[in-house]
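Here is how the chains run, residue by residue.
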Amino acid sequence: MSDYAQLLKEHALKATFQRMSILQAIENRGHMSVEDIYNEAIRINPTISLATIYKNIIVMVEKSVLVEVPISGKKSKYELRKSDHIHLVCTECGAVEDKPCIEATDRVFHDLTETEHFKLNKRQINLYGVCASCQECA
Ligand SMILES: [Zn+2]
Ligand SMILES: [Zn+2]
């Protein structure tokens, strides 16, 4: 189990058992909707409620412990913040796949923000489409 208490402290959040159960649930399975997180978290912490999970997810997204991946027409998914990567998001089944950033994409974003004198604090690259297995089903 990762040191969630330390992670929360670094982001100026109190390390409650609820928050640690949520982080553990997300780390077990990767990109998850709030319902998925709930189903996983109650196995770790049987007293946790869906409302508590919602509330804590919002706080942890605000404090950049978690990242929200919006999926149009579907519920957002959440993951632990880690190094920058690109998401391939399937708008049919809601699957989210991580792809590493490569030097070429890094350079494009660097040049773009540089010429605009735009101070970049945070970035998220989500590409939306239909995954290979959903294309087979069509
Ligand atoms: Zn799909
Ligand atoms: Zn991701």
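Going by the structure above, here's the rest.
Quick summary incoming for the structure in this document. Residue numbers run consecutively from 1 along every chain, following the written order of its sequence. Chain labels run from A onward and ligand labels from 1 onward, assigned in the order the entries are written. Totals for whole chains, interfaces and linings use every residue, but because this is a predicted model, local features are given only for residues with pLDDT of at least 70 and side-chain atom pairs only at 80 or more, for both listing and counting. Values reported for side chains reflect all heavy atoms of the structure, with hydrogen atoms and water molecules removed beforehand.

### Some points on the coordination of the zinc ion (ligand 2)
Right, so step 1: Coordinating donors are taken to be N, O and S atoms lying within 2.8 Å of the metal, or within 3.2 Å when the metal is Na, K or Ca; because water is excluded from the atom set, some sites may appear incomplete. Within the protein, the zinc ion (ligand 2) binds to His31 (NE2), Glu79 (OE), Glu79 (OE), His85 (NE2), His87 (NE2) and Asp98 (OD); these donor distances fall in the range 2.0 to 2.6 Å.
Right, so step 2: Relative to the metal, the six donor atoms surrounding the zinc ion (ligand 2) lie at angles of 53 to 169°, and the coordination shape comes out irregular.
Right, so step 3: In primary sequence terms, the donor set of the zinc ion (ligand 2) follows H-x47-E-x5-H-x1-H-x10-D. Highlighted residues: His31 in the loop between α2 (17-29) and α3 (34-44) and His85 in strand β3 (residues 85-90), separated in sequence by 54 residues. In this pair, the class of His31 matches that of His85, namely buried. Angular criteria define each label, namely tetrahedral for four donors with all angles between 85 and 135 degrees, square planar for four and octahedral for six donors with opposite donors over 155 degrees apart and remaining angles between 65 and 115, and irregular for whatever fails these tests. Counting from the N terminus, the helices are DSSP H or I runs at least four residues long and the strands are E runs at least two residues long. Under the scheme applied here, a residue whose accessible area is under 20% of the maximum for its type counts as buried, over 50% as exposed, and between as partly exposed, the area being computed with a 1.4 Å probe on protein chains only.

### Brief notes about the nonpolar core
Right, so step 1: Residues Ile22, Leu23, Ile26, Ile37, Ile53, Ile57 and Met60 are the most contacted members of the largest nonpolar core, which totals 19 residues.
Right, so step 2: Put simply, the parts of the chain that give this core at least two residues each are α1 (4-10), α2, α3, α4 (50-62) and β2 (77-80).
Right, so step 3: Broken down by element, the residue count for this core peaks at four residues, all from α2. Side-chain atoms within 4.5 Å link the members of a nonpolar core, which is a set of buried Ala, Val, Leu, Ile, Met, Phe, Trp, Tyr and Cys residues.

### Details of the packing of α2 against α4
Right, so step 1: Closest axis-to-axis distance for the α2/α4 pair is 10 Å, and the angle between their directions is 80°. The orientation of α2 with respect to α4, classified from their angle, is roughly perpendicular. Across from Gln18, Arg19, Ile22 and Leu23 in α2, the residues of α4 making contact are Thr52, Ile53, Asn56, Ile57, Val59 and Met60. For helices, the fitted axis covers only the stretch in contact; all axes are lines through C-alpha atoms, and the angles between them, taken along N-to-C directions, range from 0 to 180 degrees. Our angle categories are set so that under 35 degrees counts as roughly parallel, over 145 as roughly antiparallel, 65 to 115 as roughly perpendicular, and the remainder as oblique. Contact criterion: two residues are considered in contact whenever any of their non-hydrogen atoms come within 4.5 Å of each other.

### Some details on α2
Right, so step 1: To estimate how far a helix should extend, the number of its residues minus one is multiplied by 1.5 Å. Counted at 1.5 Å a residue, the expected span for α2 with its 13 residues is 18 Å, and the 19 Å between its end C-alpha atoms agrees.
Right, so step 2: For α2, the complete set of buried residues consists of Arg19, Ser21, Ile22, Leu23, Gln24, Ala25 and Ile26.
Right, so step 3: Buried-residue contacts for α2 involve α1, α3, α4, β1 (66-69) and β2.
Right, so step 4: Just past α2, the residue Gly30 takes up positive phi, approximately 85°.

### Brief notes about the environment of Ala132
Right, so step 1: Counting through the fold element by element, Ala132 comes out in helix α6 (residues 132-137).
Right, so step 2: Note on Ala132: relative accessible area 55%, which makes it exposed.
Right, so step 3: Measuring from C-alpha to C-alpha, the distance between Ala132 and Cys90 comes to 9.1 Å, with 42 residues separating the pair along the chain.

These figures come from the coordinates and say nothing about function on their own.
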